[in-house]
Amino acid sequence: MEFSQRILDTPSSFIRNILKVTDSPNVISFAGGLPNPISFPVEKLRESVNRAIDEDGSKLFQYSTTTGYAPLRQYIADKYNHNFDLGITADDIIITTGSQQALTLLGQVLVNEGDGIIIEEPGYLGAIQAFMLAQPTFYPVTLEQDGLNLDELKEALEKPNAKFIYTVPNFQNPTGLTYTQEKRDAVYDILKDYPDIVLIEDDPYGELRFEGTALPYIGGGRLPNSVILGSFSKTVAPGMRIGFIISKNKELMTHVETAKQAADLHTNIFSQYVLHDYLTHNEYKEHVEKIIDLYGKQANAMLDALEKYMPEGVTWTKPEGGMFIWATLPDNKSALDMFSKAMEADIAFVPGDPFYTGSQHVPTLRLNYTASTPEVIDEGIKRLAELFKKY
Ligand code: PMP
């Protein structure tokens, strides 16, 4: 059997692979990226399943439209208009099978083999993987404490075949970093002179802010080629696989719809009805507050432990929300080399390598805090610090 170059070039997810070994009960794992199960409103969803079936019966089980359940799209449009003044309608939204599918569809719709994708470095591993299927050339732009490096961005935009920029502006995966207002404005000022380049703002974590105040999107509402991706995975239930793509660019959305028809006809309609019922019969805001409260405590526990135990020279980010902290080892020490030693000490993290399109043996690593209690976080960071001191 001979396989396509496309799939041969696409790495299987490093994280999904290491989760197989980090899953043992003895291991303290900061490697996962799973939402805490507290965020799944199981009992309320049970009520919604029953109510939705009572009210709409067989419609939950029939084929449905590619763009998605209209009342759910309207709910999302209302919410984004209220929170961000985007001026969108339900027609500017397509419901996708998680925001992950939106990434694949955008790669298919915008990129020919060899075309350029400008991506944050480090960047979301799942996006790198999804885009790889389109056989692009990546133009990595360094993600700094406050957002993209502007000189590198300008240089990447001058490449003749650059098609889009992929960003995670809030509590980025893997770094936990958030673009400041100044950086958002500066990126906007640069991009407004490139009307052919699409800006993708992937924002599955934006609602999970435990510090500071929400910031407007970079391009949302004001750049003609702007795309916002959203998801209910981090606030309701990832297993329902409901994400969405928002764009006022009709031509782009028509092509995305065609690509989605080809991919899966439509997003699971049972999930869409149940989610819409849940959202319209419950205090979603209060539910999200509960998640924020927990993640804020867990993040603080990890930050305190890092401060208390880590040897001189190790640095880390201080997230204002989301699920991750990003640490950097001194002297360019490879985090990948430390990973196997950490596993021997029953402690797991994700080494930085798979988040880079251009570098290897990087000194950075991702720490997830949402799966562990503050006590376990303290113990795990202590073990990790001992290991870093030893090597
Ligand atoms: N984008 C980012 C930045 C993510 O971290 C994730 C989930 N890990 C996704 C997209 C995909 O999420 P989903 O498909 O569950 O909506």
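Note that the structure is predicted; figures quoted are calculated from it, not measured.

**What to know about the sheet that holds strand 13 (residues 350-351)**
Next up, step 1: Here we have four strands laid out as an open sheet, ordered 10-11-14-13, and antiparallel in their pairing. At either margin of the open sheet sits one strand with a lone partner, and together these are strand 10 (315-316) and strand 13.
Next up, step 2: Taken together, the five bridges between strand 11 (residues 324-328) and strand 14 (residues 364-368) define a ladder with antiparallel strand orientation. Bridging from a neighbouring strand, Ala327 pairs with Leu365 of strand 14.

**Observations regarding the site of the ligand**
Next up, step 1: If you check the shell around the ligand, you find 14 residues, and the closest are Gly98, Gln100, Asn173, Ser231 and Ser233.
Next up, step 2: Broken down by element, the shell around the ligand gets its largest block of residues, three residues, from helix 5 (residues 98-110).
Next up, step 3: Of the residues belonging to the shell around the ligand, the class tally is four nonpolar, nine polar and one charged.

**As for the environment of Leu367**
Next up, step 1: With respect to the helices, strands and loops of the structure, Leu367 is situated in strand 14.
Next up, step 2: Counting along the chain gives 43 residues from Leu367 to Phe324, while the straight-line C-alpha distance between them is 5.7 Å.
Next up, step 3: Excluding its chain neighbours within four sequence positions, the residues that come into contact with Leu367 are Phe30, Met302, Phe324, Ile325, Ala327 and Phe349.

**Let's talk about the domain arrangement of the protein chain**
Next up, step 1: As far as domains go, the protein chain holds domain 1 (5-40 + 286-390) and domain 2 (62-281).
Next up, step 2: Between the C-alpha centres of domain 1 and domain 2 there is a distance of 25 Å.
Next up, step 3: If you look at the interface, domain 1 gives 34 residues, while domain 2 gives 32 residues.
Next up, step 4: Among the secondary structure elements, those contributing two or more residues to the side of domain 1 that touches domain 2 are helix 2 (14-22), helix 11 (284-309), strand 11 and strand 14.
Next up, step 5: Ranked by residue count, the leading element in the side of domain 1 that touches domain 2 is helix 11, at six residues.
Next up, step 6: For the side of domain 1 that touches domain 2, the residue count by class is 18 nonpolar, twelve polar and four charged.

**Focus on the nonpolar core**
Next up, step 1: Judged by nonpolar contacts, the single largest core of 68 residues is most densely connected at Ile200 and Val227.
Next up, step 2: Per element, the largest residue contribution to this core is six residues, and it comes from helix 5.
Next up, step 3: Not counting chain neighbours up to four residues away, the residues in contact with Val227 comprise Leu106, Val198, Leu199, Ile200, Ile245, Ile246 and Ser247.
Next up, step 4: Counting residues in hydrophobic clusters, the runner-up holds 33 residues, among them Ile28, Phe30, Ile347 and Phe388.

**Thoughts on the UniProt feature "domain: Aminotransferase class I/classII large" (unreviewed entry) in the protein chain**
Next up, step 1: UniProt feature "domain: Aminotransferase class I/classII large" (unreviewed entry): in the numbering of this structure it lies at residues 45-384.
Next up, step 2: Between the C-alpha atoms that bound residues 45-384 the distance is 38 Å, and the span itself is 42% helix and 17% strand.

**A word on the sheet that holds strand 7 (residues 198-202)**
Next up, step 1: Strand order in the open sheet formed by eight strands is 2-9-8-7-6-3-4-5, and the pairing between neighbours is mixed. Pairing within the sheet leaves two strands with one partner each, and these edge strands are strand 2 (93-97) and strand 5 (147-148).
Next up, step 2: In this sheet, strand 6 (residues 162-167) lies alongside strand 3 (residues 116-121) in parallel orientation, the contact comprising four bridges. The residue bridging Ile119 from the neighbouring strand is Tyr166, located in strand 6.
Next up, step 3: Set on the sheet, helix 9 (residues 250-264) makes contact with strand 2 and strand 9 (242-246); between it and strand 2 the angle comes to about 25°.

The rules we used
Residues numbered from 1 in each chain as written. Predicted model: local features only at pLDDT ≥ 70, side-chain atom pairs only at ≥ 80, totals over all residues. Pairing = 2+ DSSP bridges. Helix = DSSP H or I, 4+ residues; strand = E, 2+ residues; numbered from the N terminus. Near = placed C-beta within 6 Å. Nonpolar A, V, L, I, M, F, W, Y, C, P; charged D, E, K, R; others polar. Contact = placed C-beta atoms within 7 Å. Domains from an automatic or database assignment. Core = buried A, V, L, I, M, F, W, Y, C linked by C-beta atoms within 7 Å. Buried ≥ 20, exposed ≤ 12 C-beta atoms within 10 Å, placed from the backbone. UniProt positions renumbered as here; feature names shortened; annotations may be inferred. Axes fitted to C-alpha atoms, helices over the stretch in contact; angles between N-to-C directions.

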